[in-house]
Amino acid sequence: MRSLFWRVLAAFWLALVLVAGLSLLLGRALNNDAWIIARHPGMQDLAARWTERYEAQGALAAQPLLDANRDQYRVFVQVLDETGRHLSSREPPHPHHRPPPPPPEFGNRPPLPRFPWRQLSQEYTSPSSGQTYLFIYRIPHEELRAWRNDSLLWPLSAMVIALVVLTLFSLLLTVSITRPLNRLRRAVHDLGQTSYQQSSLARLANRRDELGVLARDFNRMGARLQSLIGSQRQLLRDVSHELRSPLARLRIALALAERAGAEERARLWPRLTLECDRLEALIGEILALARLDADPGAARPIDLGELVAHLRNDCALSAPGREIRSELTPGLELSGWPDMLERALDNLLRNALRFSPADRPVEIRTERRGERLLLSVRDHGPGVAEEHLARLGEPFYRAPGQNAAGHGLGLAIARRAAERHNGRLLLANHPDGGFLATLDLPLTTSR
């Protein structure tokens, strides 16, 4: 993955390297002979002025021009024609006296000689006569350094190069960061307005850096939030629809009780009590389903043997005489929320007891497949038509033809509990008859 950290670091280092490299190139360009001859006041236009005076008045008249230039700028000039003949003074004056170097010590190499001046050359062709002259300039090093220090061209040029390079890199780096952040900001706004589309971050999600990872995570979060919002809206619609029926029956029973006599009213009270119990059970299941979306806290170890034994005791009290067989693999342990898993398994057991014949047992089995645990509950009832299996587990959905009591929330609670454990609920008809509900859960530890 191309990390944004390394991209920013590389951009800064590349900018520094470019500034240093361009500064070195600028230094070499400013140290070029042609540039010095064209810019230094002791050499600028000197060839043209000397040639004009030499061709008009001769060498003796042109020599004072070179001498005055030497006295003012400490630049000694020699001029040669095309045959190599000297047209000016041949011996350059010593810019300063240098003491003789000390004798070399034993074992030390003598230092290499270094001339006290910088020598430059220029060819100039006279526009009037067509003759070409060779100008040889000798300027002391300290004079050349002093002229460079007095000139603002070098620091200004270096500053301009640094500003241009750093501005370009800063602009590119800023755009590469702020543009995807603006896309994320618009996506957050759309998500808040419930009009978020995952395609808006498609290009950003294809990046292989931190911003691409953030966009992919945001897409998953947006899809999850949209799914939760959609399921919540559907749940509210289903709840309002389901609550109308018991409320309507309660209103009818109350209206009849008001008009009836004492004997008829006593006969209606059990019906009112029954409707109140149904309404209370429905509200309890709705609240149980809603609590599954809340934060359940930290996960804890789950003892499957103890959990199944507790459920068997509860079913023995609520459905006496019914047989529940359990085949549990020893040594399996889950990490999650025991209350949530117990409620899911309790709903699966009660559904199985509701549809299974009284003389047939309900079976609970566990099976390990790799790092997954399959916890299944099987009944011996009529099963469910294949075309309705896909919708089982939706809140308030009941397969057609069912006459048993219920609100269609048991499987929804079990499915939501499995998803909170990073698992899933598998529903199918058993090959040998009956219905099979399986909780496919990740297995955390094995003793």
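Residues numbered from 1 in each chain as written. Predicted model: local features only at pLDDT ≥ 70, side-chain atom pairs only at ≥ 80, totals over all residues. Heavy atoms only, no water.

**A look at the packing of helix 3 (residues 46–57) against helix 4 (residues 59–73)**
Phase 1 of the analysis: Running from N to C, helix 3 and helix 4 point in directions that differ by 155°, and their axes come no closer than 7 Å. Taken together, the axis directions place helix 3 and helix 4 in an arrangement best described as roughly antiparallel. Between helix 3 and helix 4, the residues in contact are L46, R49, W50, R53, Y54 and Q57 and A59, A61, A62, L65, L66 and N69, respectively.
Phase 2 of the analysis: Its residues placed into classes, the contact of helix 3 with helix 4 shows eight nonpolar, two polar and two charged. (Axes fitted to C-alpha atoms, helices over the stretch in contact; angles between N-to-C directions. Helix = DSSP H or I, 4+ residues; strand = E, 2+ residues; numbered from the N terminus. Parallel < 35°, antiparallel > 145°, perpendicular 65-115°, else oblique. Contact = heavy atoms within 4.5 Å. Nonpolar A, V, L, I, M, F, W, Y, C, P; charged D, E, K, R; others polar.)

**So, the nonpolar core**
Phase 1 of the analysis: Grouped together as the largest cluster of nonpolar side chains are 40 residues, with contacts concentrated most on L334, L348, L349, V377, L392 and L439.
Phase 2 of the analysis: When contributions to this core are tallied by element, the ones reaching two or more residues are helix 10 (304–318), strand 6 (332–336), helix 11 (338–355), strand 7 (362–369), strand 8 (372–378), helix 13 (410–420), strand 9 (424–429) and strand 10 (435–442).
Phase 3 of the analysis: With eight residues, the top contributor of residues to this core is helix 11. (Core = buried A, V, L, I, M, F, W, Y, C linked by side-chain atoms within 4.5 Å. Buried < 20%, exposed > 50% of the residue type's maximum accessible area, 1.4 Å probe, protein only.)

**What about helix 13?**
Phase 1 of the analysis: Of all 11 residues making up helix 13, eight are buried, and the element is well covered by its neighbours.
Phase 2 of the analysis: Those residues of helix 13 that fall on the buried side of the exposure criterion are G410, L411, A412, I413, A414, R416, A417 and A418.

**A few points about the confidence of the model for the protein chain**
Any residue range with low pLDDT should be treated as having predicted coordinates unsuitable for detailed reading.
Phase 1 of the analysis: Confidence in the prediction of the protein chain, expressed as mean pLDDT, is 77, and 80% of residues score 70 or more.
Phase 2 of the analysis: Taken together, the stretch residues 95–100 has pLDDT below 50 and engages in seven contacts with residues farther than four places along the chain or on a different chain. (pLDDT = per-residue confidence, 0-100.)

**What to know about the pairing of strand 8**
Phase 1 of the analysis: In terms of burial, strand 8 is largely enclosed, as six of its seven residues are buried.
Phase 2 of the analysis: Here strand 7 hands over to strand 8 after two residues, with G370 in that stretch at a positive phi of 65°.
Phase 3 of the analysis: Examined bridge by bridge, strand 8 and strand 10 share seven bridges and lie antiparallel to one another. The partner of R378 across the bridge, within strand 10, is L436. (Pairing = 2+ DSSP bridges.)

**So, helix 3**
Because the α-helix completes a turn every 3.6 residues, residues three or four places apart line up on one side.
Phase 1 of the analysis: The end-to-end C-alpha distance of helix 3 is 16 Å, a good match for the 16 Å that 12 residues give at a rise of 1.5 Å each.
Phase 2 of the analysis: Within the sequence span of helix 3, burial applies to L46, A47, W50, T51 and Y54. Buried residues of helix 3, viewed axially, fall in a sector of 120°; they line one side. In helix 3, the exposed positions that point more than 90 degrees away from the buried face belong to E52, A56 and Q57.
Phase 3 of the analysis: Buried-residue contacts for helix 3 involve helix 4, strand 1 (76–80), strand 2 (117–125) and strand 3 (132–140). (Expected span 1.5 Å × (residues − 1). Arc of directions from axis to C-beta.)

**Quick word on the pattern of salt bridges**
Phase 1 of the analysis: On inspection of all chains with the given rule, the structure shows 14 salt bridges.
Phase 2 of the analysis: Its salt-bridge partner being R70, residue D71 comes within 3.6 Å of it at the nearest N-O pair.
Phase 3 of the analysis: Note on D71: relative accessible area 59%, which makes it exposed.
Phase 4 of the analysis: The shortest N-O distance in the salt bridge between E371 and R368 comes to 3.6 Å.
Phase 5 of the analysis: Owing to a relative accessible area of 51%, E371 belongs among the exposed residues under this scheme.
Phase 6 of the analysis: On the basis of relative accessible area, R368 is assigned to the partly exposed category, the value being 36%.
Phase 7 of the analysis: Put simply, E327, E363, R365 and R378 are held in one network by salt bridges that share partners. (Salt bridge = Lys/Arg side-chain N within 4 Å of Asp/Glu carboxyl O.)

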